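What follows is each chain in one-letter form.
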Amino acid sequence: MSQLVVNRIDAFRGAVYLPGDEGYEERRKSLNPAVDARPVMVAEAAGRDDVRAAVVAAAARDLPLAVQATGHGTHVPSDGGILLRTSLLDTVEIDPARRVARVGPGARWGQVLAAAAPYGLAPLSGSSPHVGVTGYTLGGGVGWLSRRYGFAADSVLSAEVVTAGGQVVAADPEVHGDLFWALRGGGGNFGVVTSLEFKLYPVAQVHAGIAYFPYEVAGETLARYRDWAATAPDEVSTAVMLTGLPDGRRALGIKAMYAGPPERGRQVLRPLWETAGPALVDEMRTIRYADAAMGGTPARYLDFFDTLPDEVIGTLVATGAHATVEIRHWGGAMAAPGPDAGPVGHRDAPFSVIVDQHSPGLAEALGRHGTGGTFLNFLADRTRVRDAYTPGDHTRLAAVKKAYDPGNVFRLNHNIAPR
């Protein structure tokens, strides 16, 4: 089969790696150690035409096609398929007058941050500069400016896409509008995005960082956080962590970013510090947005919550004694999308809870209080894709999938089957 696949990509200009070739082992890997992919070939695209050639080859041989730029979002192994790598297609163009960025499918957030910062502009990036822009955005994209400006998917202006049939189409609100809608939160189900255009925002400096407090104040602080979040301004994004310090002590951490006038950041956060303080370590400071590395927590458990009752807080405090727990405040602009917003689900839930390891009984203890929803960027369980959307949006996504990929060529992902 491998040789047949190669023969179908004669027009492919980039490097091709088959099992046994030097470079195959390195390039087949993702950043998720649980995914040990064994594709029949790894094709490293050198341009858009290579992307099209790989898509055509996969469709012609009825092989699944997986797309990987950085490997951060890889949860399904590309066994028996073609693994198309787009990491070399990492162009970044900034239009400061329009406040717009246009990127290739291999671009990482660090590149966009560096290119936009000289103009005092910022993208709606995630917690790490090493994450790929396109995969993050197609999965919804929640970041530390999202309470003020919305999900990254909400800021997409247009996309160039290679469809399962090998066509190159431009999708925006006026042309291929159904595809444009589905891309903004539906993941990589509908084609390979070869360029993405999105808004930038006038954010040069932020007051951001993390402060650690004694673990003994965790319950009281979470209760205060629950109440404080209800009136927190949209300029501030926060998460409370139950985690460990380098010296082995358990601690409560408050991560925050205030994207208003930096001198007001401390004032907005003061109620949390008054409840939790004094701090063991306080790393909050005014910095360039491009330099703010907020970090993230692997989502072995994730659910959304409409509120955090005392019973939930007690369970989380007990869990945090041995696992990392992150309680994040959502809402703000994420909960107030425009009428043409994409299918990012669970916009109304104000809190999410993430736990970084399996904890026996946790899902059962929290399940009756959570919404049962999930978020595509954080989802590892491929059987729960439907839970990332409203029922109506999932039905519409399946219809768009049928229109653009009826043979489900793009199925090595968080798959939405054609309907």
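Residues numbered from 1 in each chain as written. Predicted model: local features only at pLDDT ≥ 70, side-chain atom pairs only at ≥ 80, totals over all residues. Heavy atoms only, no water.

What about the overall build of the chain?
Along the chain, the regular secondary structure elements total 12 helices and 17 strands. Whereas a compact globule of 419 residues would reach a radius of gyration of roughly 22 Å, the chain reaches 22 Å, a difference of no more than 12%. Overall, the chain is about 65 × 50 × 45 Å in size when its C-alpha atoms are taken along their principal axes. Counting across all 419 residues of the chain, residues that qualify as buried make up 56%. Once local pairs closer than 6 in sequence are excluded, the contacts in the chain between residues at least 24 apart make up 72%. (Helix = DSSP H or I, 4+ residues; strand = E, 2+ residues; numbered from the N terminus. Rg over C-alpha atoms; globule rule 2.2 N^0.38 Å. Buried < 20%, exposed > 50% of the residue type's maximum accessible area, 1.4 Å probe, protein only. Contact = heavy atoms within 4.5 Å.)

Here's the deal with the packing of helix 8 (residues 218-229) against helix 10 (residues 310-319)
Here helix 8 crosses helix 10 at 135 degrees, and the two axes come no closer than 10 Å. Considering their axes alone, helix 8 and helix 10 lie oblique with respect to each other. Between helix 8 and helix 10 lies a crossing whose hand is right-handed. Here A218, G219, L222, A223 and R226 of helix 8 lie close against helix 10, whose contacting residues are D310, I313 and V317. Here the contact of helix 8 with helix 10 is built from residues that sort into 5 nonpolar, 1 polar and 2 charged. (Axes fitted to C-alpha atoms, helices over the stretch in contact; angles between N-to-C directions. Parallel < 35°, antiparallel > 145°, perpendicular 65-115°, else oblique. Left-handed = near helix turned anticlockwise from the far one by under 90°. Nonpolar A, V, L, I, M, F, W, Y, C, P; charged D, E, K, R; others polar.)

Things to note about empty space enclosed by the protein
A complete count under the given rule lists 1 cavity of 30 Å³ or more for this structure. Here the largest cavity is characterised by a volume of approximately 40 Å³. Lining the largest cavity, in full, are W109, L124, T137, A152, S155, F198 and K199. Of the residues assigned to the lining of the largest cavity, the class counts are 4 nonpolar, 2 polar and 1 charged. (1 Å grid on protein atoms, 1.4 Å probe; cavity = no way out; pocket = protein on both sides within 12 Å on 5 of 7 lines; lining within 4 Å. Points joined across faces, edges and corners; volume = space filled by probe spheres on them.)

Structural notes on the pairing of strand 5 (residues 92-95)
By the bridge criterion, 4 bridges tie strand 5 to strand 6 (residues 100-103) in an arrangement that is antiparallel. The residue of strand 6 that forms the bridge with I94 is A101. The antiparallel pairing of strand 5 with strand 6 creates a hairpin that spans 4 residues between the two strands, and R99 there sits at a positive phi of about 55 degrees. (Pairing = 2+ DSSP bridges.)

Here we look at the environment of H130
Along the polypeptide, H130 turns up in the loop between helix 4 (109-116) and helix 5 (133-138). On the accessibility criterion, H130 (49% relative accessible area) is partly exposed. Sequence separation of H130 and A117 is 13 residues, and the distance between their C-alpha atoms is 16 Å. Once residues lying within four places of it in the same chain are set aside, the contact partners of H130 are T70, H72 and R108.

Observations regarding helix 9 (residues 265-276)
The terminal C-alpha atoms of helix 9, which comprises 12 residues, lie 17 Å apart, in line with the 16 Å expected from a rise of 1.5 Å per residue. Restricting attention to buried positions, one finds in helix 9 the residues G265, V268, L269, L272, W273, T275 and A276. Looking down the long axis of helix 9, one finds its buried residues gathered within 160 degrees of arc, a one-sided arrangement. (Expected span 1.5 Å × (residues − 1). Arc of directions from axis to C-beta.)

Some remarks on the pattern of salt bridges
One pass over the structure, following the stated rule, counts 20 salt bridges. A salt bridge links D247 to R249, with the nearest nitrogen and oxygen atoms 2.8 Å apart. A salt bridge links D405 to K401, with the shortest nitrogen-to-oxygen separation between them at 2.7 Å. Side by side, D405 and K401 carry an identical accessibility label, which is buried. Linked through salt bridges whose partners overlap, the residues forming this network are E25, R28, D36 and R38. (Salt bridge = Lys/Arg side-chain N within 4 Å of Asp/Glu carboxyl O.)

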